[in-house]
Amino acid sequence: VKNLGEEVARFAAHTVVTSNRYVDDDHQKQMLNERERIRAMRKALGSDESKIADVLDQINKTVASDLKGRVVSSAGKVNFSDSKAHEKLIDEFRVKMRDYDGPTSRDSLIAFLKERKIYDKSVEKELDMLDLFLKEKHL
């Protein structure tokens, strides 16, 4: 029964991550709520902590990826004149965001945005949310 419960929890984590990708702005919060429900279920089943962490890590990675996408989207809305050049710049920024690991790389990221004139306060607001999640795993 324990193994069955663990596999159901693994499936639930996968479903939380992959389903309903075109959703409201609070989808990340919903995923984190489901993450905690799965954590509670796995603990009640007596699952090993490392197995619980492995399953829940799927959700954490997806939430972080979504929040990084919101930062990129926010920067992409900053005024621009040449759409091809802007598109290329946003693609470059998207690649840079993949390696973003939180506050330690924040200053260099903001410098990158300011240098390329795609920075405004909305980007920083999204970065604040991302940094909080990367540090504390909640929003």
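Residues numbered from 1 in each chain as written. Predicted model: local features only at pLDDT ≥ 70, side-chain atom pairs only at ≥ 80, totals over all residues. Heavy atoms only, no water.

Enquirer: How should the overall build of the chain be read in this particular structure?
Expert: Of the regular secondary structure elements, the chain holds 6 helices and 0 strands. Reading the secondary structure of the chain in the N-to-C direction produces α-α-α-α-α-α. Structurally, the chain occupies a C-alpha span of about 60 × 30 × 20 Å along its principal axes. Considering the chain as a whole, with its 139 residues, one finds that 37% of them fall into the buried category. (Helix = DSSP H or I, 4+ residues; strand = E, 2+ residues; numbered from the N terminus. Buried < 20%, exposed > 50% of the residue type's maximum accessible area, 1.4 Å probe, protein only.)

Enquirer: Is there a simple way to explain the pattern of salt bridges in this structure?
Expert: Pairing is possible between side chains that carry opposite charge, provided their charged atoms lie close to one another. A full pass over the atoms with the stated rule returns 13 salt bridges. The closest approach of N and O atoms between Glu36 and Arg39, which form a salt bridge, is 2.9 Å. On the criterion of helical spacing, the pair formed by Glu36 and Arg39 is a turn pair, its members being 3 residues apart in helix H2 (residues 27-45). Under the relative-accessibility criterion, Glu36 is labelled partly exposed at 34%. With a relative accessible area of 26%, Arg39 lands in the partly exposed category. In this structure, Arg106 engages Glu124 in a salt bridge whose closest nitrogen and oxygen atoms are separated by 3.5 Å. With Arg106 in helix H5 (residues 106-115) and Glu124 in helix H6 (residues 121-136), this pair connects stretches of sequence that are 18 residues apart. A relative accessible area of 22% means that Glu124 is categorised as partly exposed. Look at the salt bridges and you will find they share partners, linking Arg106, Glu124, Asp128 and Asp131 into a network. (Salt bridge = Lys/Arg side-chain N within 4 Å of Asp/Glu carboxyl O.)

Enquirer: Which parts of the structure should I look at to understand helix H4 (residues 83-98)?
Expert: Residues that lie three or four places apart on an α-helix share one face, since the helix turns once every 3.6 residues. Under the 1.5 Å per step criterion, the end-to-end length of H4 is 23 Å for 16 residues, consistent within 8% with the ideal 22 Å. Of the positions making up H4, those classed as buried are His86, Leu89, Ile90, Phe93 and Met97. Taken end-on, H4 shows its buried residues confined to a sector of 100 degrees, consistent with a single buried face. Counted as exposed and oriented over 90 degrees from the buried face of H4: Lys84, Glu87, Lys88 and Arg98. (Expected span 1.5 Å × (residues − 1). Arc of directions from axis to C-beta.)

These figures capture arrangement, not role.
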